[in-house]
Amino acid sequence: MRIPTASGGRGRGSAAVALTAVLALTATACGDDGSGSGDEGSGKGEITLWDNNTGERREIWAQIIKDFEAQNPDIKVKYVGLPIDQVQAKYDTAIDGGGLPDVGGVGTAYLSNLVVRDVLDRVDQRIDAGPLKGKLVPAMVDSVKAAGGRDGMYSVPTSTNNGTLWYRTDLFSAAGLEPPTTWSKFYAAAEKLTDAGKNEFGYTIRGGAGSIAPAMDAMYGQSGITSFWDGDKTTVNDPRNVAALEKYVALYKKVTPSADVNNDFIKMVAQWDNGSIGMLTHNLASYQDHVKALGNEKFKGLPYPAQEDGTRVQVSNPVDGLGLFKNSKNKAAGWKFIEFAASHKSNSAWNASAGSIPANTDAAGDAWIKDAVPTATAMKALSDGSTKLVNLPYYLPDWNTISKSGNEPNFQKVLLGDMTPKAFADKLAKELNDAQAEWKEQNKS
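None of these values were measured; they are calculated from a predicted model.

Draft legend 1. Broad picture of the overall build of the protein chain. Looking only at helices and strands, one finds 19 helices and 14 strands in the protein chain. A compact globule built from 445 residues would reach a C-alpha radius of gyration of about 22 Å, and the protein chain, at 23 Å, matches this within 12%. Each principal axis of the C-alpha atoms in the protein chain carries an extent, and together these give about 70 × 50 × 40 Å. The 445 residues of the protein chain split such that 53% are buried. Within the protein chain, contacts between residues separated by at least 24 positions form 76% of all contacts whose residues are at least 6 apart in sequence. Total accessible area computed for the protein chain in this model is approximately 18700 Å², and 50% of it derives from carbon and sulfur atoms.

Next comes the structure, spelled out in structure tokens:
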């Protein structure tokens, strides 16, 4: 195992130095674009792993690598840590200059970029031929396949997050309310828990940065539409989704604080943790913040509300994973490491550290998941078929722009009454349809 020693800042400086050195050396040696066929190799020797979030995961990767090398003494793993906000740029640089790793962390947000540039090996056949067959959460597998934008599977899923409806059990109990398991109970609770004169609100809505995904969850969750596309056209502006959006945005200022129009997740979570607000929709990543502020007895987390018949529809969350790079000269050893990292023990430990949902289904019974009830509930919902996922088009090069800077200001206009929900949905749909048409044209081959 070779991991540079961190000297502060959680290793960001040393990781960057290590990366620069690796890129310089390998670019000189290779100088290709990473699309070569590579070689299975002897299954021994050294492989390089790029971690796509070194600031959070350096220590757990050190442990997994140590355990792997103990079981595979003929294989050494060189660790290279990448800051999460630089990952895609580093991959692009390595593709242009040569020097990709054997194995790398690959999230669905940029998976298609690597697939289109033909630098990743297809992995579904490898999975089916080994111990991971049947051991990966189907919803995560589907998300990875969809995000690749091409037939087959180009990353082994390791974790995901999940949209969660956090609710104050103490406030619900005092008001005689049942848990908000359905949309009708959600809306009823939001109204009953609101007393604006006392600065008490039933819900906090996300109006600032990151507002589009929770809005889409509310749209698809209520409409019950289970596909993002109907042919080549998006379902975003389907009349059922527009009606759902109208109902959702009508909550603003009626049962929510007026400051919500500008709140990103940090402000929204802090406001919920420190105030008298009944419900909050945010992912599992804020769990420890809630525990710290409220303790374990005053809140619970559920997957997003279901429809009256029990059907739950959610939009997909990004799925993290590990890719096997096509130009690796030792794919056999690289694949052996991926199988080990995605195995029950390693995957469970990795996700316990990251606070995420494991991809390996055997982890569902582990003690830490049972103790983290919201995570256990989310994993069950994703694994047992009770939740239908609407896979967002992460494969579109324009997705991040469209779903963030391109439309977040317009969502604020909707909240303020300066734009209708239908106009918002129609504009969003046109941009998505245009992006889809362009992507299809570019990928005809």
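Draft legend 2. How the structure looks around the sheet that holds strand β2 (residues 75-81). The sheet built from six strands is open, its strands ordered β2-β1-β3-β12-β4-β13 with mixed pairing. Of all the strands in the sheet, just β2 and β13 (357-358) have a single pairing partner and so form its edges. Across three bridges, the pairing between strand β3 (residues 103-105) and strand β12 (residues 319-324) is antiparallel. Residue pairing for β12: V103 is matched across the bridge by L324. Helix-sheet contacts for helix α13 (residues 331-341) involve β1 (45-51), β2, β3, β4 (156-160) and β12, and the interaxial angle to β12 is about 155°.

Draft legend 3. Spotlight on the pattern of salt bridges. Summed over the entire model, instances satisfying the criterion amount to 18 salt bridges. Put simply, R57 and D320 hold a salt bridge, and the shortest N to O gap is 2.7 Å. Highlighted residues: R57 in helix α2 (residues 54-71) and D320 in strand β12, separated in sequence by 263 residues. Between R122 and D124 there is a salt bridge whose closest N-O contact spans 2.9 Å.

Draft legend 4. Layout of the pairing of strand β5 (residues 163-168). Burial within β5 is extensive, with six of its six residues counted as buried. One ladder, built from five bridges, connects β5 with strand β10 (residues 299-303); its direction is antiparallel. By the bridge assignment for β10, L165 is matched with L302.

Draft legend 5. Representation of the packing of helix α4 (residues 108-116) against helix α6 (residues 138-148) in the model. Contact geometry for α4 and α6: axes closest at 7 Å, N-to-C directions at 45°. Relative to α6, the element α4 lies oblique. At the point where α4 passes α6, the crossing takes the right-handed sense. Across the interface between the two elements, T108, L111, S112 and V115 of α4 pack against S143, V144, A147 and G148 of α6. Classifying every residue of the contact of α4 with α6 gives four nonpolar, four polar and no charged.

Draft legend 6. Region of the structure containing the sheet that holds β5. If you trace the four strands from one edge of the open sheet to the other, you get β6-β9-β5-β10, paired in mixed fashion. Each of the sheet's edge strands pairs with one partner strand only, and the pair in question is β6 (201-204) and β10. Taken over all neighbouring pairs, the strand axes of this sheet differ in orientation by 20° on average, direction set aside.

Draft legend 7. Representation of the nonpolar core in the model. Judged by nonpolar contacts, the single largest core of 121 residues is most densely connected at M216, F228, Y248 and F337. Excluding anything up to four places from it in sequence, F228 contacts M216, Y220, K233, T234, T235, V236, V390, N391, L392, P393, W399 and L432.

Draft legend 8. Geometry of the packing of aromatic side chains. Applying the stated criterion across every chain yields a total of 23 aromatic pairs. Aromatic pair W61 and W350: ring centres 6.4 Å apart, planes at 65°, arrangement edge-to-face. Here W61, found in helix α2, pairs with W350, found in helix α14 (residues 344-354); they are 289 residues apart in sequence, far enough to count as distant. Residue classification places W350 among the buried residues on the basis of a relative accessible area of 4%.

Draft legend 9. Region of the structure containing the side chain of S328. Within the element layout of this structure, S328 appears in the loop between β12 and α13. A polar side-chain atom of S328 sits 3.5 Å from the main-chain amide nitrogen of K331.

Draft legend 10. Structural context of the environment of P157. Tracing the chain through its elements places P157 in strand β4. Owing to a relative accessible area of 0%, P157 belongs among the buried residues under this scheme. Sequence-wise, P157 and N360 are 203 residues apart; in three dimensions their C-alpha atoms are separated by 8.6 Å. If we ignore the near neighbours within four places in the chain, the residues touching P157 are L136, M140, V141, V144, V319, D320, G321 and A359.

Draft legend 11. View of unusual backbone geometry. One non-glycine residue, D118, lies in the positive phi region at around 60°. In this structure, D118 sits in the loop between α4 and α5 (124-128). Backbone geometry places N199, a non-glycine residue, at a positive phi of 60°. One can find N199 in the loop between α8 (183-192) and β6. N199 sits in the exposed class, given a relative accessible area of 55%.

Draft legend 12. Spatial organisation of helix α12 (residues 287-294). All of the buried residues along α12 are Y287, H290 and L294. Viewed along the axis of α12, the buried residues span an arc of 65°, placing them on a single side of the element. With respect to the buried face of α12, the exposed residues turned more than 90 degrees away are Q288 and K292. Considering only its buried residues, α12 is in contact with β5, α11 (265-273), β9 (277-283), β10, α15 (367-371) and α16 (373-383).

Draft legend 13. The side chain of N162, seen in detail. Relative to the elements of secondary structure, N162 occurs in the loop between β4 and β5. By relative accessible area, which is 2% here, N162 ends up buried. Apart from the residues within four sequence positions on either side, N162 is in contact with H282, N283, L284, P303, Q314, N317, I357, A378 and L382.

Rules used throughout
- Residues numbered from 1 in each chain as written.
- Predicted model: local features only at pLDDT ≥ 70, side-chain atom pairs only at ≥ 80, totals over all residues.
- Heavy atoms only, no water.
- Helix = DSSP H or I, 4+ residues; strand = E, 2+ residues; numbered from the N terminus.
- Rg over C-alpha atoms; globule rule 2.2 N^0.38 Å.
- Buried < 20%, exposed > 50% of the residue type's maximum accessible area, 1.4 Å probe, protein only.
- Contact = heavy atoms within 4.5 Å.
- Areas by Shrake-Rupley, 256 points an atom, 1.4 Å probe, with all protein chains shown as cover.
- Pairing = 2+ DSSP bridges.
- Axes fitted to C-alpha atoms, helices over the stretch in contact; angles between N-to-C directions.
- Salt bridge = Lys/Arg side-chain N within 4 Å of Asp/Glu carboxyl O.
- Parallel < 35°, antiparallel > 145°, perpendicular 65-115°, else oblique.
- Left-handed = near helix turned anticlockwise from the far one by under 90°.
- Nonpolar A, V, L, I, M, F, W, Y, C, P; charged D, E, K, R; others polar.
- Core = buried A, V, L, I, M, F, W, Y, C linked by side-chain atoms within 4.5 Å.
- Phe/Tyr/Trp six-rings, centres within 6.5 Å; stacked < 30°, edge-to-face > 60°.
- Polar contact = N/O pair within 3.5 Å; in protein donor to acceptor, adjacent residues only side chain to side chain.
- Arc of directions from axis to C-beta.

Taken by themselves, the reported measurements are silent on function.
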